[in-house]
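# Structure at a glance
The primary structure of each chain is shown beneath.
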Amino acid sequence: MAIDKTSFFKDVYEVTKLIPKGKVTSYGAIGNYLGIKGSARMVGWAMNQAGNYPDVPAHRVVNRNGVLSGKHHFGGDNMQRLLENEGIKVVDDKIVDFKSKYWDPTVELGL
DNA sequence: ATTATGACTTCAC
DNA sequence: CGTGAAGCCATAA
């Protein structure tokens, strides 16, 4: 799969890379920022291909509940370890104080 | 071209 | 408040 052609994916990666350390965001938030609101699945698909982008911290992207929905896809519990490494506490596959660590691109980037 | 699946989200009961 | 089903866009077969 050639990647450079997927423009919308590229946007997802750019936003994901812009996520500050120790912060997290949700698929819907990125989707909303990109304008694909209602199709957070596509953001998830983008993350799936994120494996081709080592610079994309997919571990900072979780579902709306702050749950590491894709930790299994990420490569086991490696995702949780990365989050803890950034100062984010993860319990029961859920981010602790997710609301406080939430990073909304539509707000932080200034829609 | 059609059907099925997916790292999600939201409405409805 | 918890569980269930539908909606959404894109990729794969």
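Computed from a prediction, not measured in an experiment: that's the story for all the values here.

### A look at helix α2 (residues 27-34)
Within α2 the residues assigned to the buried category are Tyr27, Ala29, Ile30 and Gly31. Looking one or two residues past α2, Gly35 carries a phi angle of roughly 95 degrees, positive in sign.

### A look at the nonpolar core
Core analysis: the biggest nonpolar cluster contains 16 residues, and Val12, Tyr13, Ile30, Ala46, Met47, Val56 and Val61 have the highest contact counts within it. Where this core is concerned, the elements lending two or more residues are α1 (7-18), α2 and α3 (40-49). If you tally residues by element for this core, the top one is α1, at four residues. When neighbours within four sequence positions are excluded, Tyr13 is seen to be in contact with Ala46, Met47, Gln49, Ala50, Tyr53 and Val56.

### Some details on the protein's contact with DNA strand B
Not every one of the 17 residues close to DNA strand B is listed here, only the nearest: Arg41, Met42, Met47, Arg64 and His73. One of the side-chain nitrogen or oxygen atoms of Trp45 is found 2.7 Å away from a base nitrogen of DNA strand B. Within the contact set of DNA strand B, a base nitrogen lies 2.5 Å away from a backbone nitrogen or oxygen of Met47. For the surface near DNA strand B, the secondary structure elements donating two or more residues are α2, α3 and α4 (71-75).

### Notes on helix α5 (residues 78-85)
Those residues of α5 not exposed but buried are Met79, Gln80 and Leu83. For α5, the angular spread of the buried residues around the axis is 95 degrees, confining them to a single face. Seen from the buried face of α5, the exposed residues on the opposite side, beyond 90 degrees, are Arg81 and Asn85. If you follow the buried residues of α5, they end up packed against β2 (61-62), α4 and β3 (90-91). Looking one or two residues past α5, Gly87 carries a phi angle of roughly 95 degrees, positive in sign.

### Some points on the packing of α2 against α3
Axes are the key here: two packed helices are described by the angle between their axes and the distance separating the axes. Running from N to C, α2 and α3 cross one another at 105 degrees; their axes reach a closest spacing of 8 Å. Here α2 lies roughly perpendicular to α3, going by the angle between them. Between α2, through Tyr27, Gly28, Ile30 and Gly31, and α3, the contact on the second element is made entirely by Ala40, Val43, Gly44 and Met47. Residue classes in the contact of α2 with α3 are distributed as five nonpolar, three polar and no charged.

Thresholds applied
- Residues numbered from 1 in each chain as written.
- Chains lettered and ligands numbered in written order.
- Predicted model: local features only at pLDDT ≥ 70, side-chain atom pairs only at ≥ 80, totals over all residues.
- Heavy atoms only, no water.
- Buried < 20%, exposed > 50% of the residue type's maximum accessible area, 1.4 Å probe, protein only.
- Helix = DSSP H or I, 4+ residues; strand = E, 2+ residues; numbered from the N terminus.
- Core = buried A, V, L, I, M, F, W, Y, C linked by side-chain atoms within 4.5 Å.
- Contact = heavy atoms within 4.5 Å.
- Near = heavy atom within 4 Å.
- Polar contact = N/O pair within 3.5 Å; in protein donor to acceptor, adjacent residues only side chain to side chain.
- Arc of directions from axis to C-beta.
- Axes fitted to C-alpha atoms, helices over the stretch in contact; angles between N-to-C directions.
- Parallel < 35°, antiparallel > 145°, perpendicular 65-115°, else oblique.
- Nonpolar A, V, L, I, M, F, W, Y, C, P; charged D, E, K, R; others polar.

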